[in-house]
Amino acid sequence: MSVGMLNLQAQFRQIREEVLAEVTQIFETQSFILGSRGKGLEEKMAALAGVPYGIGVSSGTDALLLAVMALKPKAGDEVVTTPYTFFATASSIVRGGAKPVFVDVDERTFNARADQLESVVTPRTRALMPVHLFGQMVDPAKWTAVAKKHNLLIIEDAAQAVGATFNGVVAGGFGDFGCFSFYPTKNLGGAGDGGMVLARDENLAHDVRINRVHGGKDRYYHDQIGICGRLDELQAAVLLIKFKHLETWNKRRRALAKLYNDGLTGTPAVTPFEEPGAVHLSSIRSARAAS
Ligand SMILES: *Cc1c(COP(=O)(O)O)cnc(C)c1O
């Protein structure tokens, strides 16, 4: 028997009229890039995580890349992350000019182990990049303690965890950067590619904001070499509509996961482990596949 992972057609039927009205409106105004909807989404995402700055970007990958670029790493600088994640986590570290260094994962949560971090931190380490895999956060207190002790920044890869919490801390809300993906199959998914960087420091936020438009604050004046990494209005419009349902949909996902977990109790199937303190968002497949 094959059970579908998620049914985006059914989800669309809930929001169809609203989405089509917004899409029509955007075509009427022909305002496609960096407009009011993008700003609105930046505010919602920042408020969700309780941080001051949100910067809408073109994908989760570019969110990670822009965060690493903001470290302005020198050759040989290191970022500690997990080997068990989607490819973009480590590739963004390399593309941003740093070297990924891996720490082992916990065999119950599949998340990187905070208690092993200090064994891989070196004088070249600049940042930690935890991944909140499958909708379950790493323990913010443990990661923050190591970062503080060694004077490191934290870049959260929260691509799979929008709305997840750990002891009340929201994913994307404790690091210097919180990076999100709005790829259509993520918990908050657009109608194409999109992403978000959250930041708490004004200067770091500024760096990401200018680097998403080729490193320039004023058009055609470029202070540094950035990328073309903007969020478009069609994505932002769809995401703003879906954002209103995020909490309900996340709860529903947890309720369904519980059904599977309860039903599979006493069978050889291994169901996802929810760490004490964590509100895990994900479903049964999560225990087996990484994306
Ligand atoms: C999806 C994902 C990304 C990349 O996001 P895109 O929007 O597809 O670029 C990065 N990290 C993790 C953990 C992901 O699941």
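Computed from a predicted structure; not experimentally measured. (Residues numbered from 1 in each chain as written. Predicted model: local features only at pLDDT ≥ 70, side-chain atom pairs only at ≥ 80, totals over all residues. Heavy atoms only, no water.)

The next thing to look at is the pairing of strand β2 (residues 78-81). Both faces of β2 are covered, namely the face carrying Glu78 and Val80 and the face carrying Val79 and Thr81. One ladder, built from 4 bridges, connects β2 with strand β3 (residues 99-102); its direction is parallel. Paired with Val80 across the strands is Val101, a residue of β3. Since β2 and β3 lie parallel, the crossover through helix α4 (residues 87-95) that links them has a hand, and here it is right-handed. Sheet topology note: the β2/strand β4 (residues 125-129) ladder contains 4 bridges and is parallel. Note that in β4 the partner of Val80 across the bridge is Leu128. (Buried < 20%, exposed > 50% of the residue type's maximum accessible area, 1.4 Å probe, protein only. Helix = DSSP H or I, 4+ residues; strand = E, 2+ residues; numbered from the N terminus. Pairing = 2+ DSSP bridges. Right-handed = clockwise from strand over helix to strand, strands pointing away.)

With 41 residues, the main nonpolar core has Met45, Leu117, Leu128, Trp143, Leu188 and Leu198 as its most contacted residues. Contributing elements (two or more residues each) for this core: α2 (36-49), α5 (140-150), β9 (195-199) and α7 (233-243). In terms of residues, this core owes the most to one element, α2, which gives 4 residues. Mapping this core onto the domain boundaries places at least three of its residues in each of domain 1 (8-104 + 111-243) and domain 2 (246-289). Ignoring any residue separated from it by four or fewer positions in sequence, one finds Met45 in contact with Val162, Phe180, Phe182, Leu188, Met196, Leu198 and Phe243. (Core = buried A, V, L, I, M, F, W, Y, C linked by side-chain atoms within 4.5 Å. Domains from an automatic or database assignment. Contact = heavy atoms within 4.5 Å.)

A few words on the confidence of the model for the protein. Taken over all residues, the pLDDT of the protein has a mean of 94, while the share at 70 or more is 97%. Below a pLDDT of 50 lies the segment residues 283-291, which in the model reaches 25 contacts outside its immediate sequence neighbourhood of four places, other chains included. (pLDDT = per-residue confidence, 0-100.)

The strand order across the open sheet built from 7 strands is β1-β9-β8-β5-β4-β2-β3, with neighbouring strands paired in mixed fashion. Each edge of the open sheet carries a strand with a single partner, namely β1 (53-57) and β3. On average, each strand axis in the sheet is tilted by 25 degrees relative to the strand beside it, whichever way the strands run. Sheet contacts for helix α3 (residues 60-70): β1, β4, β5 (153-157), β8 (177-181) and β9; angle to β8, the most-contacted strand, approximately 160 degrees. Docked against the sheet, α5 engages β4 and β5, running at close to 175 degrees with respect to β4. (Axes fitted to C-alpha atoms, helices over the stretch in contact; angles between N-to-C directions.)

Moving on: the side chain of Glu156. By secondary structure assignment, the location of Glu156 is in strand β5. Within polar-contact distance, the side chain of Glu156 engages the backbone nitrogen of Gly173 at 3.2 Å. (Polar contact = N/O pair within 3.5 Å; in protein donor to acceptor, adjacent residues only side chain to side chain.)

Quick look at the domain arrangement of the protein now. Many analyses report the size of an interface as the accessible area lost when the parts associate. For the protein, the assigned domains are domain 1 (8-104 + 111-243) and domain 2 (246-289). Each of domain 1 and domain 2 has a C-alpha centre, and these two points are 24 Å apart. Listed as interface residues are 18 residues of domain 1 and, on the opposing side, 17 residues of domain 2. A combined buried area of about 1500 Å² lies between domain 1 and domain 2, and 50% of that area is made up of carbon and sulfur atoms. Per-residue buried area on domain 1 facing domain 2 is highest for Phe134, Gln136 and Asn187; these three make up 41% of the total on that side. Counting the contacts that link domain 1 with domain 2 gives 0 salt bridges. Joining domain 1 to domain 2, the criterion identifies 10 residue pairs in polar contact (both at pLDDT 80 or more). Sorting the residues of the side of domain 1 that touches domain 2 by element identifies α1 (8-29), β6 (165-166) and α7 as the ones contributing at least two each. (Buried area = accessible area lost by both parts, 1.4 Å probe. Salt bridge = Lys/Arg side-chain N within 4 Å of Asp/Glu carboxyl O.)

The subject of this paragraph is a nonpolar patch on the surface. Together, Met1, Val3, Leu256, Leu259 and Tyr260 give the surface a local cluster of nonpolar side chains, amounting to about 590 Å² of exposed area. Note that Met1 resides in the segment before α1. (Patch = residues over 30% accessible without salt bridge, like charges linked within 9 Å, V, L, I, M, F, W, Y side chains within 5 Å. Areas by Shrake-Rupley, 256 points an atom, 1.4 Å probe, with all protein chains shown as cover.)

Right, let's get into the sheet that holds strand β7 (residues 169-170). Read from one edge to the other, the open sheet built from 3 strands follows the order β7-β6-β10, with strand pairing classed as antiparallel. Of all the strands in the sheet, the pair left with one neighbour each is β7 and β10 (278-279). Two strands pair when backbone bridges link them, and β6 and β10 are joined in this way by 2 bridges, in the antiparallel orientation. Each bridged residue has a counterpart across the sheet, and for Thr165 the counterpart in β10 is Val279.

For the ligand, the set of nearby residues contains 14 residues, the closest of which are Thr61, Asp157, Gln160, Ser181 and Lys186. At 2.8 Å, a side-chain N or O of Asp157 approaches a nitrogen atom of the ligand. Counting residues per element, the ones that place at least two in the shell around the ligand are α3 and α4. If one sorts the elements of the shell around the ligand by residue count, α3 sits on top with 3 residues. Here the shell around the ligand is built from residues that sort into 5 nonpolar, 7 polar and 2 charged. (Near = heavy atom within 4 Å. Nonpolar A, V, L, I, M, F, W, Y, C, P; charged D, E, K, R; others polar.)

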